[in-house]
Amino acid sequence: VLRGLGEANKFGITAFIEPGVSEAKAALYKKAERNGQLTARVTLSLSPIDELPDSVGPELFDLLANREEFRGEYINPDSVKIYIDGVIETQTSTMIEPYTDGTNTPPFYEPEQLNLLYEQLDGMGLQIHTHAIGDGAIRIALDAYEYAVFQNGPNDNRHQIVHLQLIDIADQPRFGELNVAANFQCLWCYPDPYIYLAVDLVGEERVQQFYPVRSMQEAGALLVGGSDWDVTSLNPLEAIETAVRRQDPYTDSGPVLGMNEGIGLEAALDMYTRNAAHIMRLE
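Note that the structure is a prediction, hence the values are computed from the model and not measured.

Regarding the overall build of the protein chain
Within the protein chain, the secondary structure is distributed over 12 helices and seven strands. In terms of overall dimensions, the protein chain has C-alpha extents of about 50 × 45 × 30 Å along its principal axes. Counting over 283 residues, the protein chain shows a buried share of 51%. A gap of 8 Å separates the mean positions of the 19 positive and 43 negative side-chain charges of the protein chain.

A short note on the environment of Asp54
Mapped onto the fold, Asp54 is located in the loop between β2 (41-46) and α3 (59-65). Accessibility expressed as a relative area gives 34% for Asp54, which makes it partly exposed. Residues Asp54 and Asp85, 31 residues apart in the sequence, show an inter-C-alpha distance of 7.6 Å. Once you skip the residues sitting within four places of it in the chain, Asp54 turns out to touch Ile49, Tyr83, Phe108 and Tyr109.

Some thoughts on the pattern of salt bridges
All told, the structure shown has 19 salt bridges when counted by the stated rule. One salt bridge connects Lys25 with Asp50, and the closest N-O pair in it is separated by 3.3 Å. Taken together, the residues span a long stretch of sequence, with Lys25 in helix α2 (residues 23-34) and Asp50 in the loop between β2 and α3 at a distance of 25 residues. Between Arg174 and Asp171 there is a salt bridge, with its nearest N and O atoms 3.1 Å apart. Owing to a relative accessible area of 12%, Arg174 belongs among the buried residues under this scheme. Among the residues examined, Asp171 registers a relative accessible area of 3% and is labelled buried. Among the charged side chains, a network of salt bridges with common partners joins Arg139, Asp143, Glu146, Asp168, Asp171 and Arg174.

Here's the deal with the pairing of strand β5 (residues 160-163)
Pairing of strand β4 (residues 127-132) with β5 involves four bridges; the strand directions are parallel. Residue Ala132 lies in a different strand from β5, and its bridge partner there is His163. Handedness of the β-α-β unit built from β4, helix α5 (residues 135-152) and β5 comes out right-handed. Where β5 lies against strand β6 (residues 181-184), three bridges are found, and the strand directions are parallel. Across the sheet, Ile161 pairs through a bridge with Ala182, a residue of β6.

Looking at the pairing of β6
Burial of β6 is two-sided: the residues Ala181 and Asn183 facing one way and the residues Ala182 and Phe184 facing the other way are all buried. Where β6 lies against strand β7 (residues 223-225), three bridges are found, and the strand directions are parallel. Considered in β7, the bridge of Asn183 is made with Val224.

What counts as what
- Starting afresh in each chain, residues are numbered from 1 along the sequence in its written order.
- This being a predicted model, a pLDDT of at least 70 is required before a residue's local features are given, and a value of 80 or more before pairs of side-chain atoms are given or counted; all residues contribute to the totals for chains, interfaces and linings.
- Computation of side-chain values: all heavy atoms of the structure, hydrogens and water removed.
- Only DSSP runs of H or I reaching four residues or more are called helices, and only runs of E reaching two or more are called strands; each is numbered from the N terminus.
- Exposure classes here rest on a 1.4 Å probe applied to the protein chains alone. A residue is buried below 20% of its type maximum, exposed above 50%, and partly exposed in between.
- Charged-residue counts in this description rest on Lys and Arg as positive and Asp and Glu as negative, His and the chain ends being excluded.
- A single reference atom marks each charge: NZ on Lys, CZ on Arg, CG on Asp, CD on Glu.
- By definition in these notes, contact holds between two residues if any of their heavy atoms fall within 4.5 Å.
- Counted as salt bridges are all cases of a side-chain nitrogen of Lys or Arg within 4 Å of a carboxyl oxygen of Asp or Glu.
- The criterion for strand pairing is that DSSP finds at least two bridges linking the strands in question.
- Here a crossover is taken to be right-handed if, once the strands point away from the viewer, the path from the first strand over the helix to the second is traced clockwise.

Structure follows, in structure tokens:
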């Protein structure tokens, strides 16, 4: 935790979301705050399974019932992390159309089960931080958010879906309509080795639709930028550059991913500053 805080501070990051936080990890952040070592504001997106992609059961609500233990001047524990699927590169993401070999992977939750879970979490005033990568998983998540709004009414819980590798065009306007933020890891928006691996799994046409940041901007979504550190770099300037150019930020050259999906510099800066602050209630 202390090393991660130092890495964030090195890049001028004063606030961040820590997704997939078990009770043990939350206690570490609270200890850091008590010791005067918490050098950034943090939103803890709680999960009893930590960072393990899977479904959760009743133990989630035991963790949430104890979240006041972790609240602090710089710690907000009013968020929960839910996984819907895995990743495309291992064919564990849920797709609307099958992979090129004809297979598909079911989501971690049945839709009716997820609807009821989101209704309950939303009714508790919590932000739901959803991992969804495949277009099928994203649709199921949006359906669950829609169900929660229908049951509970509009609110200011500031839900978000994170990663968003492939979003069906029919679902893109729903983010703005449902007030669900689109949280992209913009450093992934260029043809890196994982992108080339995905070509064999879903085909070139779908790959060129990956991470449709500009399309989501035009569809009226609130765009937020993240890193997924320590999977990839925590340096926001590298991600901002990639959001604009959609090319390798380390070589300043090479092929482009999604020819028309680059955004303007001001919009990219907003993703990693004011919009990220908004989703953390730090506007």
